[in-house]
Each structure stands twice: as structure tokens, then as C-alpha cells.
Amino acid sequence: MSMTKLEIIESINSLRLKKKAVIMAHYYQIPEIQDIADFVGDSLALAQQAAKTDADIIILCGVHFMGETAKIICPDKKVLVPDSSAGCSLADSCNADDLYKWKLAHPDYKVVSYVNTSAAVKALTDVVVTSSNALKIVGKFRDNEKILFCPDQNLGNYINSVTGRNMELWNGACHVHSRFSVTELIELKQRYPSAKVLAHPECKKIILELADVVGSTQALLNYVKNAENEKEFIVVTESGILHKMQQACPDKTFIPVPPEATELLVDGKLTPCSCNECEYMRLNTLEKVYQCLCDESNEIFVDSAIAEKAIKPIEKMLEWSK
Ligand code: 13P
Ligand code: SF4
């Protein structure tokens, strides 16, 4: 017999207490998951939260690399991701063997990796960054330090343009953030002339040039909360963030930007799509949270030799973010 949504939530609530489990969710999760989570945050906040939790089990409602990062930070805890196939196109755009070859070709360079990478890539990295702390952390290197940045070319370009550095960039991108429609954004700006445009740095350069504010999901959320005299916002990132923005500011208007294509190829079928959603993030559901809490399935494991190396650039990031 299938359970109602209320029954699922009640069962999740009693199980998380019984098993001393904490539910952490990224801002791109579906609203139902954000609403039952003990903590909702961006990639940096999820890592910081993992570092200080005393729970026995972490249910990481996000994608695989987020679960891996939490597991590397907390090797003695059980880390579960509700849908184990929740990957990330950006993390997939950089494999460790290719990064190793890139490093060999640039022996005197430091490697700075975005958190959206596999544990094996992090193991080859000097310091990890997220979109919240990338400018701050890259700024810690001396001005003439030679840096390889992977895998997000858009974020890398943005850091280069703000800091005046000339980091070498890996040719990777997030398929969600690179497909926002420039034409639609220009039209929305004309339709809502007083709206502020908020964009995530994973977006293409042309989108960032049209934005008033560029920042991580947390930075964009903070901006709308603190913008006392502004009422309308055009949001150029995964539309899951609109849920928290609307909850925090019920009297303000948030307008998502659609992707280039209005149909996406999902499992070989053209599927209608009106706003920008990450299909990996959306794989997690309340039912799957309940199921993995019940049977402690979809556990994340990281090879210990890789974890031993990957923890160093993650710890450096946590330290340098303070
Ligand atoms: P932040 O949460 O760090 O802004 O990153 C967005 C993202 O794409 C995570 O996959
Ligand atoms: Fe990866 Fe992009 Fe999805 Fe974030 S939005 S998890 S970067 S595919």
C-alpha cells in the first residue's frame, strides 16, 4: 500500500530521530525536500555543516560529489544520497586521468578545483573552491602564481576577469547553467525594467555581463533578503533556489529564466521544459529520502587512498574560507 505524503514525512521524522540522522539539502532540491531538511545550503555550507555535525548518518539531498565531499570530511559517518544516480555534468567533464596529464604538462602550476569534481580529481588538487569562496581563495595565492583551474570554464573566466589573473582553464561547463537563453533574458529585462538580474557564476560570460549581481546560490539568496528597496528579481540559476527566495521574501517577485531549448532530451524522449532545472538534482524525492533512511541504502564510499589525498585540499578550503 502506498503511503500519503504526510505519512512519509511522519515516518522520516521518527526515523531520523531514532537513527540520529541529519537531512541536509542543496537549494536546487525540490521544495518538499527543502522543507523537511534539517539544513538547506549551498555547496560550501553543506561541507561546513558536514564538518560539524554530530549525527551518525548524513542524508545528503544533492548530487554524488556532494555526498563524496561529506564522506571525505566525515569518514566515520554513514553518508547516503537518496538517488545514487544523481550525478553532475560539470563534475563529469573532468576525469582524473586527463587532469593528471594536464598537471604533468604544467609542472610548476598549482591546481585549483571547483567542488563539483570527483574525489579522484580532488586528490590531484592543491585547494578546492566553491562559488561562495572562489574569489577569496584564489586571492590567497601570490599575484604571479601559475594556476590550473578546473573544471568550470565559466567560473574560471569570471574569476580571471574579477581578479585580473590569467589562470589556465579546463574546458568544462554545467549543462544547466550554460543553456540559459540570452534572448529570453534580454526580453525579461525589457518586460521588468526595474528588476535586478541575479546570476550564478557557472553561467556563460554573456549572461554574467547582463547581470547586476553574480554569486553563489547563498550569495544570491542573501542579496534578495537584504535588498530593502527592490521588489523584482530575474534569477539566472537552477530554479530550485526560487523556493527559498519566495519563502524568505513573500512580497517580492522572482522570475526564472528559461533555457535555449524548450524541449529537453530525457531518456531519448523530447520532454517539455519551461524553466531551468537540473535533472540530476531533481532525481531525489521524498519517497527516496524515506527509503534510504529506512534501509540505509545508497551509501557513498570513497577509496581510502584517494580520500587521504582529497581531504587536504578540502580542509585547506574550509580553513581559507574562515
Ligand atoms: P553553489 O551551491 O555553490 O552555488 O553551487 C551550485 C551548483 O551548481 C551546485 O551543483
Ligand atoms: Fe552539476 Fe549543474 Fe546540476 Fe549543479 S546544476 S549539480 S553543476 S549539473
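Refer to the structure printed above.
Just so it is clear, the model here is predicted, and its values are computed rather than measured.

Student: Would you mind going over the sheet that holds strand β8 (residues 168-169) with me for this structure?
Tutor: The strands that make up a sheet are held in pairs by hydrogen bonds between backbone atoms, and each pair lies either parallel or antiparallel. With parallel pairing, the four strands of this open sheet are ordered in space as β6-β5-β7-β8. Because the sheet does not close on itself, it has two edges, and the strands there are β6 (127-129) and β8. Bridge analysis of strand β5 (residues 110-114) against strand β7 (residues 147-150) gives four bridges, and the strand direction is parallel. The residue of β7 that forms the bridge with Ser 113 is Cys 150.

Student: What should I look at first to understand the pairing of strand β1 (residues 21-26) in this one?
Tutor: Regular strands have side chains that alternate between both faces of the sheet. The buried fraction of β1 amounts to six of the six residues, a majority that puts the element mostly inside the structure. Inspection of the sheet shows β1 paired to strand β3 (residues 57-61) by five bridges, in the parallel sense. Looking across to β3, one finds that Ala 21 is bridged to Ile 57. Relative to strand β2 (residues 39-41), β1 runs parallel, the two being bridged by three bridges. Bridging across to β2, Ala 25 finds its partner in Val 40.

Student: Is there a simple way to think about the packing of helix α3 (residues 43-52) against helix α4 (residues 64-73) in this case?
Tutor: Packed helix pairs are characterised by how far apart their axes lie and by the angle those axes make with each other. One can describe the packing of α3 onto α4 by two numbers: an axis separation of 9 Å at closest approach and a directional angle of 30°. Between α3 and α4, the angle is such that the two are roughly parallel. Relative to α4, α3 is oriented so that their crossing is right-handed. Of the residues in α4, those in contact with Ser 43, Leu 46, Ala 47, Ala 50 and Ala 51 of α3 are Met 66, Thr 69, Ala 70 and Ile 73. Across the contact of α3 with α4, the residue classes tally to seven nonpolar, two polar and no charged.

Student: Is there a simple way to explain the site of ligand 2 in this structure?
Tutor: With respect to spatial proximity, the complete set of residues near ligand 2 consists of Tyr 28, Val 63, Cys 88, Ser 89, Asn 116, Cys 174, His 175, Glu 202, Cys 278 and Met 281. Judged by the proximity of its atoms to the pocket grid, ligand 2 belongs to the largest cavity. Broken down by class, the residue content of the shell around ligand 2 amounts to six nonpolar, three polar and one charged.

Student: Is there a simple way to think about the sheet that holds β3 in this case?
Tutor: Taken in spatial order, the four strands of this open sheet run β2-β1-β3-β4, and their pairing is parallel. Every other strand in the sheet has two partners, leaving β2 and β4 (78-80) as the edge strands with one partner each. Adjacent strand axes in the sheet meet at a mean angle of 20° when their direction is disregarded.

Student: Which parts of the structure should I look at to understand empty space enclosed by the protein?
Tutor: The method is simple in principle: a probe with the dimensions of a water molecule rolls over the atoms, and the space it marks as empty is what remains. Counted by the stated rule, this structure contains two cavities of 30 Å³ or more. Volume-wise, the largest cavity comes out at about 210 Å³. Lining the largest cavity are 24 residues; nearest its centre among them are Tyr 28, Asn 116, His 177, Glu 202 and Met 281. The set of elements that each furnish at least two residues to the lining of the largest cavity consists of α4 and α5 (89-92). Residue composition of the lining of the largest cavity, grouped by class: twelve nonpolar, nine polar and three charged. There is about 70 Å³ of room inside the second largest cavity. Lining the second largest cavity, in full, are Ser 43, Leu 46, Ala 47, Leu 60, Phe 65, Met 66, Thr 69, Ala 70 and Val 115. At the level of secondary structure, the elements contributing two or more residues to the lining of the second largest cavity comprise α3 and α4. No other element matches α4, which puts four residues into the lining of the second largest cavity. In terms of residue class, the lining of the second largest cavity is made up of seven nonpolar, two polar and no charged.

Student: Would you explain the side chain of Ser 89 in this entry?
Tutor: Relative to the helices and strands, Ser 89 resides in helix α5. What Ser 89 contacts, discounting residues up to four positions off in sequence, is Ala 173, Cys 174, His 175 and Tyr 280.

Student: How should the site of ligand 1 be read in this particular structure?
Tutor: In the vicinity of ligand 1 lie 13 residues, with His 26, Ser 43, Ser 131, His 200 and Thr 217 positioned nearest. Between an oxygen atom of ligand 1 and a side-chain N or O atom of Glu 202, the distance comes to 3.1 Å. For ligand 1, whose free accessible area comes to 300 Å², the fraction covered by protein is 97%. Judged by the proximity of its atoms to the pocket grid, ligand 1 belongs to the largest cavity. Grouping the amino acids of the shell around ligand 1 by side-chain chemistry returns four nonpolar, seven polar and two charged.

Parameters and conventions
Residues numbered from 1 in each chain as written. Chains lettered and ligands numbered in written order. Predicted model: local features only at pLDDT ≥ 70, side-chain atom pairs only at ≥ 80, totals over all residues. Heavy atoms only, no water. Pairing = 2+ DSSP bridges. Helix = DSSP H or I, 4+ residues; strand = E, 2+ residues; numbered from the N terminus. Buried < 20%, exposed > 50% of the residue type's maximum accessible area, 1.4 Å probe, protein only. Axes fitted to C-alpha atoms, helices over the stretch in contact; angles between N-to-C directions. Parallel < 35°, antiparallel > 145°, perpendicular 65-115°, else oblique. Left-handed = near helix turned anticlockwise from the far one by under 90°. Contact = heavy atoms within 4.5 Å. Nonpolar A, V, L, I, M, F, W, Y, C, P; charged D, E, K, R; others polar. Near = heavy atom within 4 Å. 1 Å grid on protein atoms, 1.4 Å probe; cavity = no way out; pocket = protein on both sides within 12 Å on 5 of 7 lines; lining within 4 Å. Sits in = over half its atoms within 2 Å of the grid points. Points joined across faces, edges and corners; volume = space filled by probe spheres on them. Polar contact = N/O pair within 3.5 Å; in protein donor to acceptor, adjacent residues only side chain to side chain. Areas by Shrake-Rupley, 256 points an atom, 1.4 Å probe, with all protein chains shown as cover.

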